[in-house]
Amino acid sequence: MIRDLVASFKAYWEAWKIIVDQKLWLYLFIPGLISLFYGLLVGFSAWYWSDNLKDFVFNVLPSGSNSKILSRITSGFLGIGIATTGVVVYKYVILSALSPILMGLSKRVEEAVMGYSISYKKETNMSTLDDLGRSILFGLRNFVKEFGITLIILILSLIPFLGFIHFTLNRYFSINGSVDFIRKNLGFSLGNGVAFMLIIMIPVVGLFFAPTLGAAAATLKAVPRIYRPSFT
């Protein structure tokens with residue numbers, strides 16, 4: 001698993017080189033701008049609503065409990081809570097909304113790496129609406145599953161390793177088949193998500209590059225394992 005984790009990190013650099021070589025700028029700028037706008041919206045919401053919710057909290061508390069230190073701590077925790085909610089929403093809503101673009105990117109990356117056209121494959125005949133609906137269904141499935149278990153699993157579920165690989169697996173497997181593939185390749189699946197989270201934490205720049213690099217890197221590591229399940 002350690003080797004898969006390291007390989008997943010390296011895949012992000014390989015993905016960047018493919019994007020540059022193939023001039024896939026459209027697949028970079030559209031998701032990047034949407035992701036950046038969303039990040040700025042979450043940041044503004046955390047700043048604005050943390051103070052408003054703090055005031056509401058202290059209006060309910062007994063008088064005399066509104067110390068400056070307690071006020072700052074409460075405001076900080078509320079801001080973190082709003083930001084964490086934003087990450088959860090990013091995982092299940094924003095990536096689903098971007099799925100038609102990122103699925104297209106995944107196809108282009110696979111063609112560039114494998115050296116063939118995949119336009120003949122049955123799965124690629126689905127409409128954009130079908131792709132979007134399937135991606136949303138996949139996200140909801142994992143949302144219900146992950147939020148129905150313990151707090152520890154909830155924290156771990158903030159790592160969005162399922163969504164990016166799904167953009168590739170969508171062409172080959174059903175939803176259950178995709179989940180089974182991820183379970184058998186958990187090391188690189190987790191590595192892809194951890195690398196994504198590290199990138200997205202880079203202010204501004206990370207939000208712009210993370211969606212495209214995450215989808216491209218997942219494709220680079222998923223395709224060999226699809227054709228050769230024992231690939232290492």
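See the structure shown above.
Structure report, in brief. What you see as residue numbers is a count from 1 along each chain, following the sequence as written. In keeping with the model being predicted, local features are shown solely for residues with a pLDDT of at least 70 and side-chain atom pairs are shown and tallied solely at 80 or more, while totals for entire chains, interfaces and linings include all residues. Just so you know, side-chain values use all the structure's heavy atoms and leave hydrogens and water out.

### Examining the nonpolar core
Membership of the largest hydrophobic core comes to 41 residues, with the highest contact counts inside it found for Leu105, Ile165 and Phe196. Per the convention used, a helix needs a DSSP run of H or I reaching at least four residues, while a strand needs a run of E reaching at least two, with both numbered from the N terminus. Sorting the residues of this core by element identifies helix 1 (2-21), helix 2 (25-60), helix 3 (68-97), helix 4 (99-114), helix 7 (161-169), helix 8 (175-184), helix 9 (186-200) and helix 10 (205-227) as the ones contributing at least two each. If one sorts the elements of this core by residue count, helix 10 sits on top with 10 residues. In this analysis, two residues are considered to be in contact whenever any of their non-hydrogen atoms come within 4.5 Å of each other. Residue contacts for Ile165: discarding those within four places in its chain leaves Phe181, Ile182, Phe188, Ser189, Ala218 and Ala222. Joining through side-chain atoms within 4.5 Å is the link that ties buried Ala, Val, Leu, Ile, Met, Phe, Trp, Tyr and Cys residues into a set, and such a set is a nonpolar core. Only protein chains enter the calculation, and the probe is 1.4 Å; a residue is then buried if its accessible area is under 20% of its type maximum, exposed if over 50%, and partly exposed in between.

### Focus on the pattern of salt bridges
Salt bridges are defined by distance alone: a side-chain nitrogen of Lys or Arg within 4 Å of a carboxyl oxygen of Asp or Glu. Applying the stated criterion to the full structure yields two salt bridges. A salt bridge links Arg171 to Glu110; its shortest N-O distance comes to 2.5 Å. Taken together, the residues span a long stretch of sequence, with Arg171 in the loop between helix 7 and helix 8 and Glu110 in helix 4 at a distance of 61 residues. With relative accessibility at 1%, the residue Arg171 sits in the buried group. On the basis of relative accessibility, which here comes to 1%, the residue Glu110 falls in the buried class. Put simply, Lys184 and Asp180 hold a salt bridge, and the shortest N to O gap is 3.1 Å. Taken together, the residues Lys184 and Asp180, both in helix 8 and four residues apart, mark about one turn of the helix. Residue Lys184 is classed as exposed on the basis of its relative accessible area of 64%. We classify Asp180 as partly exposed; its relative accessible area is 30%.

### A look at the packing of helix 4 against helix 10
Angles shown run from 0 to 180 degrees and are taken between the N-to-C directions of axes, each axis being a line fitted to C-alpha atoms and, for helices, limited to the stretch in contact. The contact between helix 4 and helix 10 brings their axes to 9 Å, and the two run at 50°. The angle between helix 4 and helix 10 places the two elements in the oblique class. Crossing handedness for the pair helix 4 and helix 10: right-handed. Where helix 4 approaches helix 10, its residues Leu102, Leu105, Ser106, Val109, Glu110, Val113 and Met114 are matched on the opposing element by Pro211, Thr212, Ala215, Ala216, Thr219, Leu220, Val223 and Tyr227. In the contact of helix 4 with helix 10, the residues fall into 11 nonpolar, three polar and one charged. Any angle that is under 35 degrees is reported as roughly parallel, and any over 145 degrees as roughly antiparallel; angles of 65 to 115 degrees are reported as roughly perpendicular and all others as oblique. Each crossing gets its handedness from the near helix: less than a right angle anticlockwise from the far helix is left-handed, clockwise is right-handed. Note on residue categories: nonpolar means Ala, Val, Leu, Ile, Met, Phe, Trp, Tyr, Cys or Pro, charged means Asp, Glu, Lys or Arg, and polar means any other residue, Gly included.

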